[in-house]
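# What the coordinates show
These are the residues of each chain, in order.
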Amino acid sequence: MRPFVRMGIATIGLFLAGCSSTGYVRVGKSTLPAKAEGCQLEVFAAEADVKRPFEKLCLLDAKTGSTLYNDRSPEGAMKRLRKAACICGADAVIITSMERKGVSLASWGSSSAQGVAIRFLEGTSANPATAGP
C-alpha cells in the first residue's frame, strides 16, 4: 500500500474515533475497590448541597468526542463522569463545571464535565431508619 494511502486511512480513523477522554486522579486517603459500571450515584450541583459528612476520593474529568458519531451532549459527558466515579468506588459526585462547545469548522461540537467523586462516611446514611445510633 502506498504511504499516502496509509496516511489517509489513519487520518480517517482518527477523525471517526474523535478525541473523547475520561480521567481521574485519586486525592483522598481511601482507596476503594471499583464499583460495577452503571453503579448508583447521587449527583450534587455544589459541595454545599451535600448534607452529610463525606470524603473526597477522586478529581474527575470527562470529555466527549467531537465527531458526528459520538454523543457530544452534556449528558454524554455526565455518563463518562459517572463511569469514572464508579471506578473510584464513589457514592456520589459533586459537579464542579460543565461546558458545551458548539459546532465549528474543525468540530461537530463537544461537551465536558468536571467533578469530585466522594464517599459518605460511616454511620451517615441518607435513610434515618438505617443510620447508626
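Structure: see above.
Residues numbered from 1 in each chain as written. Predicted model: local features only at pLDDT ≥ 70, side-chain atom pairs only at ≥ 80, totals over all residues. Heavy atoms only, no water.

### Some thoughts on the state of the cysteines
As enumerated under the stated definition, the model contains two disulfides in all. Bridging cysteine 39 to cysteine 86, the disulfide has an S-S length of 2.0 Å. On the sign convention where negative is left-handed, the bridge of cysteine 39 and cysteine 86, at about -100° about the S-S bond, is left-handed. Within this pair, whereas cysteine 39 is found in the loop between β1 (21–26) and β2 (42–44), its partner cysteine 86 is found in helix α2 (residues 74–88), the two being separated by 47 residues in sequence. Of the two residues, cysteine 39 and cysteine 86, both sit in the buried class. Each sulfur of the disulfide joining cysteine 58 and cysteine 88 lies 2.2 Å from the other. A torsion of -110° about the S-S bond marks the disulfide between cysteine 58 and cysteine 88 as left-handed. Placement of cysteine 58 in strand β3 (residues 54–63) and of cysteine 88 in helix α2 is noted, with a sequence separation of 30 residues between them. (Disulfide = S-S within 2.5 Å. Helix = DSSP H or I, 4+ residues; strand = E, 2+ residues; numbered from the N terminus. Buried < 20%, exposed > 50% of the residue type's maximum accessible area, 1.4 Å probe, protein only.)

### Regarding the packing of aromatic side chains
Pairs of aromatic rings are described using the distance from one ring centre to the other and the angle between the two planes. Counting across every chain of the model gives zero aromatic pairs. Just above the ring of phenylalanine 120 sits the side chain of arginine 52; from NZ or CZ to the centre is 3.5 Å. (Phe/Tyr/Trp six-rings, centres within 6.5 Å; stacked < 30°, edge-to-face > 60°. Lys NZ or Arg CZ within 6 Å of the ring centre and 35° of its normal.)

### Points about the environment of glycine 28
Topologically, glycine 28 is positioned in the loop between β1 and β2. Its relative accessible area of 24% is what places glycine 28 among the partly exposed residues. Sequence separation between glycine 28 and glutamate 55 is 27 residues; the distance between their C-alpha atoms is 6.9 Å. Residues within four places of glycine 28 in sequence aside, it is in contact with Glu55, Lys56 and Leu57. (Contact = heavy atoms within 4.5 Å.)

### Overview of the nonpolar core
The nonpolar side chains of a soluble globular protein tend to be buried, and buried together. Core analysis: the largest hydrophobic core is formed by 18 residues, its most contacted members being Leu41, Leu60, Leu81, Ala85, Val93 and Ala117. Breaking this core down by element, the ones donating at least two residues are β3, α2, β4 (92–101) and β5 (110–120). With seven residues, the single largest contributor to this core is α2. If we ignore the near neighbours within four places in the chain, the residues touching leucine 41 are Arg82, Ala85, Cys86, Ala90, Asp91, Ala92 and Val93. Within the second largest apolar cluster, seven residues are counted, among which are Phe44, Val50, Ile94 and Ile118. (Core = buried A, V, L, I, M, F, W, Y, C linked by side-chain atoms within 4.5 Å.)

### A short note on the pattern of salt bridges
In this structure the tally under the stated criterion is five salt bridges. Among the ionic pairs, glutamate 42 bridges to arginine 52, the shortest N-O distance being 2.6 Å. Taken together, the residues glutamate 42 in strand β2 and arginine 52 in the loop between β2 and β3 connect sequence positions 10 residues apart. Here arginine 52 falls in the buried class, since its relative accessible area comes to 18%. Between aspartate 61 and lysine 63 there is a salt bridge, with the nearest N and O atoms lying 2.7 Å from each other. Residue class for lysine 63 comes out partly exposed when judged on its relative accessible area of 35%. (Salt bridge = Lys/Arg side-chain N within 4 Å of Asp/Glu carboxyl O.)

### Regarding a nonpolar patch on the surface
A cluster of nonpolar side chains, namely Val25, Val27 and Leu59, defines an oily patch on the protein surface of about 250 Å² accessible area. Note on placement: valine 25 falls in strand β1. (Patch = residues over 30% accessible without salt bridge, like charges linked within 9 Å, V, L, I, M, F, W, Y side chains within 5 Å. Areas by Shrake-Rupley, 256 points an atom, 1.4 Å probe, with all protein chains shown as cover.)

Purely geometric numbers; function is a separate question.
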